[in-house]
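Survey of secondary and tertiary structure
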Amino acid sequence: LNTYFVLQKIKQAGGKINERKVLLMIMIHDLPELFGGDISAPLNRKYPDLREYKNKIGERAIQMMAEYMDETTAKEFENLHQEMDSYGSDEAVIAKIMDQMDHQFFLEHLNYREKYNQGQEDYRASFVKNHIYQLTEKIQAEKTKKVLTDFLDEFQKNYFNHGFQGISFLME
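Here goes a summary of the coordinates provided. Source: prediction; values computed, not measured.

How each quantity is defined
Residues numbered from 1 in each chain as written. Predicted model: local features only at pLDDT ≥ 70, side-chain atom pairs only at ≥ 80, totals over all residues. Heavy atoms only, no water. Helix = DSSP H or I, 4+ residues; strand = E, 2+ residues; numbered from the N terminus. Buried < 20%, exposed > 50% of the residue type's maximum accessible area, 1.4 Å probe, protein only. Contact = heavy atoms within 4.5 Å. Patch = residues over 30% accessible without salt bridge, like charges linked within 9 Å, V, L, I, M, F, W, Y side chains within 5 Å. Areas by Shrake-Rupley, 256 points an atom, 1.4 Å probe, with all protein chains shown as cover. Salt bridge = Lys/Arg side-chain N within 4 Å of Asp/Glu carboxyl O. Core = buried A, V, L, I, M, F, W, Y, C linked by side-chain atoms within 4.5 Å. Expected span 1.5 Å × (residues − 1). Axes fitted to C-alpha atoms, helices over the stretch in contact; angles between N-to-C directions. Parallel < 35°, antiparallel > 145°, perpendicular 65-115°, else oblique. Left-handed = near helix turned anticlockwise from the far one by under 90°. Nonpolar A, V, L, I, M, F, W, Y, C, P; charged D, E, K, R; others polar. Polar contact = N/O pair within 3.5 Å; in protein donor to acceptor, adjacent residues only side chain to side chain.

1. Quick notes on the overall build of the chain
In terms of regular secondary structure, the chain is built from 10 helices and zero strands. Along the chain, helices and strands appear, N-terminal first, in the series α-α-α-α-α-α-α-α-α-α. Counting across all 172 residues of the chain, residues that qualify as buried make up 38%. For the chain, the share of sequence-separated contacts (at least 6 apart) that also reach a separation of at least 24 residues comes to 65%.

Written as structure tokens, this is what we have:
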């Protein structure tokens, strides 16, 4: 849902974006997680062999779903999956960023820092800075890049390390 709202902001800012493509990429990207679970990005980086297994599960999940589609739809499905994995377009980069940000919002909802990580270094700040912000550099369209950077800045300022806020921030 966050992706949809960011796409609306891009359009309002005068950016050109294929909304359908981004939303399909988000759904396609999550499909392998139904079959094999999700592996967090920090673990993916630390243990490359886990990424290999995750990718194999993802490829097989895509193949299995494609078996239920007509040839044209199956090809589009596979192409979108490959495009996202290769960061082949602004849409692919946005889908990747928004997928990563869903995790960050979830960890805030859990109040991760207070419940699970007291007194330990929290990897999340460096992950957002060194991975997610860096992904914005791959975005070609300047208006789109600005919207994504503003979105990340807003997260850093108003949500990161604030824990679960529920509706309280709407009531201020």
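2. A word on a nonpolar patch on the surface
On the surface, Leu1, Tyr4 and Phe5 cluster together into a nonpolar patch covering about 360 Å² of accessible area. For Tyr4, the position within the fold is in helix H1 (residues 2-12).

3. A short note on the nonpolar core
If you look at the biggest cluster of nonpolar residues, it comprises 34 residues, and the most contacted ones within it are Ile10, Ile94, Ile97, Met98 and Leu148. Contributing elements (two or more residues each) for this core: H1, helix H2 (19-36), helix H4 (48-66), helix H5 (71-85), helix H6 (90-109), helix H8 (124-136) and helix H9 (142-158). Sorting elements by how many residues they give to this core places H6 first, with seven residues. Leaving out residues up to four positions away in the same chain, Met98 has contacts with Asn2, Thr3, Val6, Ile26, Leu148 and Phe151.

4. Structural notes on H8
Compared with the 18 Å implied by 1.5 Å per residue over 13 residues, the 17 Å span of H8 between its first and last C-alpha is a close match. Buried within H8 are the following residues: Arg124, Phe127, Val128, His131, Ile132, Tyr133, Leu135 and Thr136.

5. Remarks on unusual backbone geometry
Of note in the backbone geometry, Tyr87 takes a positive phi value of approximately 55° without being a glycine. Looking at the element boundaries, Tyr87 is found in the loop between H5 and H6. The class of Tyr87 is partly exposed, set by a relative accessible area of 26%.

6. Points about the packing of H1 against H2
As a packed pair, H1 and H2 sit with axes 11 Å apart at the nearest point and diverge in direction by 160°. With respect to each other, H1 and H2 are oriented roughly antiparallel. Two packed elements cross with a definite hand, and for H1 against H2 that hand is right-handed. Facing Thr3, Tyr4, Leu7, Gln8 and Lys11 of H1, the residues of H2 in contact are Glu19, Val22, Leu23 and Ile26. Class assignment for the residues of the contact of H1 with H2 results in five nonpolar, two polar and two charged.

7. Quick look at H2
For H2, which comprises 18 residues, the first-to-last C-alpha distance of 27 Å matches the rise-based estimate of 26 Å (1.5 Å per residue) to within 8%. For H2, the set of buried residues is Val22, Met25, Ile26, Ile28, His29, Leu31 and Pro32. You can read the cap of H2 off the contacts: a side-chain oxygen lies 3.3 Å from the backbone nitrogen of Arg20, and it is on Asn18. Where H2 ends, the next residue or the one after it, Gly37, has phi of about 80°, a positive value.

8. Some points on the pattern of salt bridges
Considering all chains together, one arrives at six salt bridges under this definition. When the shortest N-O distance is used, the salt bridge between Lys11 and Glu19 registers 3.0 Å. Judged by its relative accessible area of 41%, Lys11 is partly exposed. Residue Glu19 is classed as partly exposed on the basis of its relative accessible area of 21%. Across the salt bridge formed by Glu67 and Arg60, the nearest N and O atoms sit 3.8 Å from each other. What makes Arg60 partly exposed here is its relative accessible area of 40%.

9. With respect to the side chain of His81
Along the chain, the position of His81 falls in helix H5. Residues in contact with His81, not counting those within four places in the same chain, are Ile28 and Ile62.

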